[in-house]
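# Coordinate analysis (summary)
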Amino acid sequence: MSEKTLTRMDLSEAVFREVGLSRNDSSQLVESVLAHMSDALVEGEQVKISSFGTFSVRDKAARVGRNPKTGEEVPINPRRVLTFRPSHQMKDRVVAGNKR
Amino acid sequence: MIRSELILKLAEENPHLYQRDVERIVNTIFDEITDAMSRGDRVELRGFGAFSVKKRDARMGRNPRTGESVKVEEKHVPFFKTGKLLRDRLNGK
């Protein structure tokens, strides 16, 4: 396994290569995609990208947690968390690509 | 929001682009992330989150209908961890 880390720069480079926009426009578009997805999620909307996966927001109830090091009880406030459920296509591709 | 709604929003914001180009841009971004994970790479998008691949060890599974033991091979699964900024925004911070 190569274990490289890609960033926004690699995504905008791919857009630059594939679509031929300027590098500036490419990185702005990558930024806009992430911004629109984030905004929808913050509004509590689900973001469903076919053949990629679904991002959804879940409400977690308050509970009493414990500091595992000290054993001390700490209250955990109710909060909203984001979950990502990969599509079957993505799962299949990740399984196939990482087979030894 | 679904893929086509995302494309529509971007097209509205970028009247200088053809809609089919906006479509290619969006597809390229998601394909690039999937390609990276299928190579075992990570994709870190600061503020939004990080996509990575986790290894699941081989294990003995069970067919729930027959109760029969079956060997489940080692496999890799996609994983997403929400970025700090987005996590804070979700909670109104």
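Before any of the text, the structure's been laid out above.
None of these values were measured; they are calculated from a predicted model.

Across its full length, chain A holds three helices and six strands. Listed by position from the N terminus, the elements making up chain A come as β-α-α-β-β-β-β-β-α. Its C-alpha radius of gyration of 19 Å places chain A more than 25% over the 13 Å reference for a compact globule of 100 residues. Counting only C-alpha atoms, chain A reaches 55 × 40 × 25 Å along its principal axes. Expressed as a percentage of its 100 residues, the buried residues of chain A come to 35%. Taking as baseline every contact in chain A between residues at least 6 positions apart, the subset at least 24 positions apart corresponds to 35%. Accessible surface computed for chain A: about 6,300 Å², of which carbon and sulfur atoms make up 48%. On chain A, the mean spot of the 17 positive side-chain charges and the mean spot of the 13 negative ones are 9 Å from each other.

In this section: the packing of helix α1 (residues 8–19) of chain A against helix α2 (residues 23–42) of chain A. Residues and elements named next belong to chain A. Between α1 and α2, whose axes approach to 8 Å, the crossing angle comes to 120 degrees. As far as their axial angle goes, α2 and α1 are oblique. Viewed along their axes, α1 and α2 form a crossing whose handedness is right-handed. Mapping the contact onto sequence places Arg8, Leu11, Ser12, Glu13, Val15 and Phe16 in α1 and Arg23, Ser26, Ser27, Val30, Glu31 and Leu34 in α2. Tallied by class, residues from the contact of α1 with α2 come to five nonpolar, three polar and four charged.

So, about the interface of chain B and chain A. Each side of the interface is counted separately: chain B has 46 residues, and chain A has 53 residues. The junction of chain B with chain A conceals about 4,800 Å² of combined surface from both sides, 65% of it contributed by carbon and sulfur atoms. One can count three salt bridges joining chain B with chain A. One salt bridge in this structure joins Asp39(A) and Arg89(B), with 2.9 Å as the shortest N-O distance. Counting across the chain B and chain A interface gives 20 residue pairs in polar contact (both at pLDDT 80 or more). Taken together, the elements giving at least two residues each to the side of chain B that touches chain A come down to α1 (3–13), α2 (19–38), β1 (42–45), β2 (49–56), β5 (75–82) and α3 (84–90) of chain B. Counted by class, the side of chain B that touches chain A contains 22 nonpolar, nine polar and 15 charged residues. Where strand β1 (residues 5–6) of chain A and β1(B) come together, two bridges link them in parallel fashion. Within β1(B), the position partnered with Leu6(A) by the bridge is Val43(B).

In a beta sheet, neighbouring strands pair by backbone hydrogen bonds and run either parallel or antiparallel. Strand order in the open sheet formed by four strands is β1(A)-β1(B)-β2(B)-β5(B), and the pairing between neighbours is mixed. The sheet is open, and its two edges are formed by β1 of chain A together with β5 of chain B, each paired on a single side. In this sheet, β5(B) lies alongside β2(B) in antiparallel orientation, the contact comprising eight bridges. Bridge pairing links Ala50(B) to Lys81(B) in β5(B).

Further remarks concern the packing of aromatic side chains. Under the definition given, this model contains 11 aromatic pairs over all chains. Judged by centre distance (5.6 Å) and plane angle (50 degrees), the ring pair of Phe52(A) and Phe84(A) falls under tilted. With a gap of 32 residues between them, Phe52(A) in the loop between β2 (47–49) and β3 (53–60) and Phe84(A) in strand β6 (residues 79–86) connect regions that are remote in the sequence. For Phe84(A), a relative accessible area of 13% translates into the label buried. Members of the aromatic cluster, joined through ring pairs, are Phe52(A), Phe55(A), Phe84(A), Phe30(B), Phe48(B), Phe51(B) and Phe80(B).

The rules behind each value
Residues numbered from 1 in each chain as written. Chains lettered and ligands numbered in written order. Predicted model: local features only at pLDDT ≥ 70, side-chain atom pairs only at ≥ 80, totals over all residues. Heavy atoms only, no water. Helix = DSSP H or I, 4+ residues; strand = E, 2+ residues; numbered from the N terminus. Rg over C-alpha atoms; globule rule 2.2 N^0.38 Å. Buried < 20%, exposed > 50% of the residue type's maximum accessible area, 1.4 Å probe, protein only. Contact = heavy atoms within 4.5 Å. Areas by Shrake-Rupley, 256 points an atom, 1.4 Å probe, with all protein chains shown as cover. Lys, Arg positive; Asp, Glu negative; His and termini not counted. Charge placed at Lys NZ, Arg CZ, Asp CG, Glu CD. Axes fitted to C-alpha atoms, helices over the stretch in contact; angles between N-to-C directions. Parallel < 35°, antiparallel > 145°, perpendicular 65-115°, else oblique. Left-handed = near helix turned anticlockwise from the far one by under 90°. Nonpolar A, V, L, I, M, F, W, Y, C, P; charged D, E, K, R; others polar. Buried area = accessible area lost by both parts, 1.4 Å probe. Salt bridge = Lys/Arg side-chain N within 4 Å of Asp/Glu carboxyl O. Polar contact = N/O pair within 3.5 Å; in protein donor to acceptor, adjacent residues only side chain to side chain. Pairing = 2+ DSSP bridges. Phe/Tyr/Trp six-rings, centres within 6.5 Å; stacked < 30°, edge-to-face > 60°.

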